[in-house]
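# Structural characterization, general
Residues per chain are reported as follows:
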Amino acid sequence: MSLTFFDRPAEIVARELLGTLVVSSVDGETTAGRVVETEAYLGYDDPASHGYRHRRNQRNAALFGPPGTWYVYLSYGIHWCANLVCEAEGKAAAVLLRALEPVEGLDVMRRRRRVAADRDLCSGPGRLCQALGITRSLDGLPMPQSPVVVVFRQADGAPLSVAETPRIGITKAAKWPLRFVIAGSPWASGKRSWVVTGP
DNA sequence: GCGCCGATTGGCT
DNA sequence: GCCAATCGGCGCC
């Protein structure tokens, strides 16, 4: 996938990442999942963004990097969350990967996650990072040259039906409709009401 | 230097 | 549905 793909508004990238495949080659093991849920963070103008008002620190430095860069941070001291930086360098816009449909290496994911149900493998930003072995080691790396890559949109022909909802788990500007889900996907996180805006 | 808070999750009520 | 776990950044004293 071309880096220029990410040189566009985060809400557009968030939509277009739906249906793409994320392939991880961490610790010599391959795992992969199809993106079914994303969230857009618009950068220094977005009160919910880690880069709001150009606030820059050790944790979020990668967020201010060039488009196509991984931004991975520790959430609540426990879970990793993976973002792909969008738009111009310094804008601090990004897309958070929120859920995947497990596609390959499910045995590896099950070992890493230790959950009973496969639907719990990748249905959340922290969960998918654990399943794919994503940690801070990816932070700041250009995605195409990293152990975890976004490869392609699966050419299944039919246009995706995309649901658009408020963002989850935040307190500022949470109502902005910047969460995108493949409508009806059983692999998305949580169970919430959706507004379908796509075909 | 200290205390609070978070783009979460999983276990318990 | 509620809440603890757990860490680093940040605001404030």
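Anyway, here's the lowdown on the structure attached to this text. (Residues numbered from 1 in each chain as written. Chains lettered and ligands numbered in written order. Predicted model: local features only at pLDDT ≥ 70, side-chain atom pairs only at ≥ 80, totals over all residues. Heavy atoms only, no water.)

This next bit is on helix 2 (residues 106-113). Taken residue by residue, helix 2 has V108, M109, R112 and R113 as its buried positions. Buried residues in helix 2, looked at end-on, bunch into an arc of 120°, giving them a common side. The secondary structure elements touched by the buried residues of helix 2 are strand 1 (20-26), strand 2 (29-41), strand 5 (93-104) and helix 3 (125-132). (Buried < 20%, exposed > 50% of the residue type's maximum accessible area, 1.4 Å probe, protein only. Helix = DSSP H or I, 4+ residues; strand = E, 2+ residues; numbered from the N terminus. Arc of directions from axis to C-beta. Contact = heavy atoms within 4.5 Å.)

With 39 residues, the main nonpolar core has F6, L17, V22, W70, C122, L132 and I134 as its most contacted residues. Of all the elements, strand 5 adds the most residues to this core, at 5 residues. Excluding anything up to four places from it in sequence, V22 contacts T31, A32, G33, V35, L97, L100, L132, V148, V149 and V150. Counting residues in each nonpolar core, the second largest holds 12 residues, with Y41, L63, C81 and L96 among its members. (Core = buried A, V, L, I, M, F, W, Y, C linked by side-chain atoms within 4.5 Å.)

Applying the stated criterion across every chain, the model contains 2 aromatic pairs. Both rings, one in F5 and one in F6, keep their centres 5.0 Å apart while their planes meet at 75°; by these two values the pair is edge-to-face. This pair shows no difference in class: F5 is buried, exactly as F6 is. The interplanar angle of 25° and the centroid separation of 5.6 Å between the aromatic rings of Y71 and Y73 together place this pair among those described as stacked. Both residues of the pair, Y71 and Y73, belong to the buried class. The ring of F5 carries R8 above its face, with NZ or CZ at 4.9 Å from the centroid. (Phe/Tyr/Trp six-rings, centres within 6.5 Å; stacked < 30°, edge-to-face > 60°. Lys NZ or Arg CZ within 6 Å of the ring centre and 35° of its normal.)

With 9 of 12 residues buried, strand 5 lies mostly within the body of the structure. Bridge analysis of strand 2 against strand 5 gives 9 bridges, and the strand direction is antiparallel. Note on strand 5: the bridge partner recorded for V35 is L100. Relative to strand 5, strand 4 (residues 79-86) is paired through 4 bridges, and the arrangement is antiparallel. Pairing of L84 across the sheet is with V95, part of strand 5. Hairpin geometry of strand 4 and strand 5 is characterised by an intervening segment of 6 residues between the two adjacent antiparallel strands and by a positive phi of about 60° at E87. (Pairing = 2+ DSSP bridges.)

What follows concerns the pairing of strand 1. Burial of strand 1 is extensive: 6 of the 7 residues sit out of reach of the surface. For strand 1 and strand 2, the ladder comprises 6 bridges, and the chain directions are antiparallel. The residue bridging V26 from the neighbouring strand is E29, located in strand 2. Linking strand 1 to strand 2, which pair antiparallel, is a turn of 2 residues; within it D27 sits at a positive phi near 55°.

In this section: a positive patch on the surface. On the surface, R53, R55, R59 and K172 cluster together to form a positively charged patch. One can find R55 in the loop between strand 2 and strand 3 (70-75). (Patch = residues over 30% accessible without salt bridge, like charges linked within 9 Å, V, L, I, M, F, W, Y side chains within 5 Å. Areas by Shrake-Rupley, 256 points an atom, 1.4 Å probe, with all protein chains shown as cover. Salt bridge = Lys/Arg side-chain N within 4 Å of Asp/Glu carboxyl O. Lys, Arg positive; Asp, Glu negative; His and termini not counted. Charge placed at Lys NZ, Arg CZ, Asp CG, Glu CD.)

Around DNA strand C, the structure places R55, N57, Q58, R59, Y76, G77 and I78. In the interface set of DNA strand C, defined as its atoms within 4 Å of the protein, sugar plus phosphate atoms amount to 71%. Residue composition of the surface near DNA strand C, by class: 2 nonpolar, 3 polar and 2 charged. (Near = heavy atom within 4 Å. Nonpolar A, V, L, I, M, F, W, Y, C, P; charged D, E, K, R; others polar.)

Time to look at the protein's contact with DNA strand B. As a matter of local geometry, DNA strand B sits amid 20 residues, with N83, G126, R127, G169 and I170 nearest to it. In DNA strand B, atoms within 4 Å of the protein come 57% from sugar and phosphate. Between a base nitrogen of DNA strand B and a side-chain N or O atom of Y73, the distance comes to 3.3 Å. Take H79: an N or O atom from its side chain is 3.0 Å from a base oxygen of DNA strand B. Put simply, the parts of the chain that give the surface near DNA strand B at least two residues each are strand 3, strand 4, strand 5 and helix 3. (Polar contact = N/O pair within 3.5 Å; in protein donor to acceptor, adjacent residues only side chain to side chain.)

Disulfide: a covalent bond connecting the sulfur atoms of a pair of cysteines. Evaluated as defined, the whole model comprises 0 disulfides. Cysteine C129 is unpaired, with the sulfur of C81 as its nearest cysteine sulfur at 6.2 Å. (Disulfide = S-S within 2.5 Å.)

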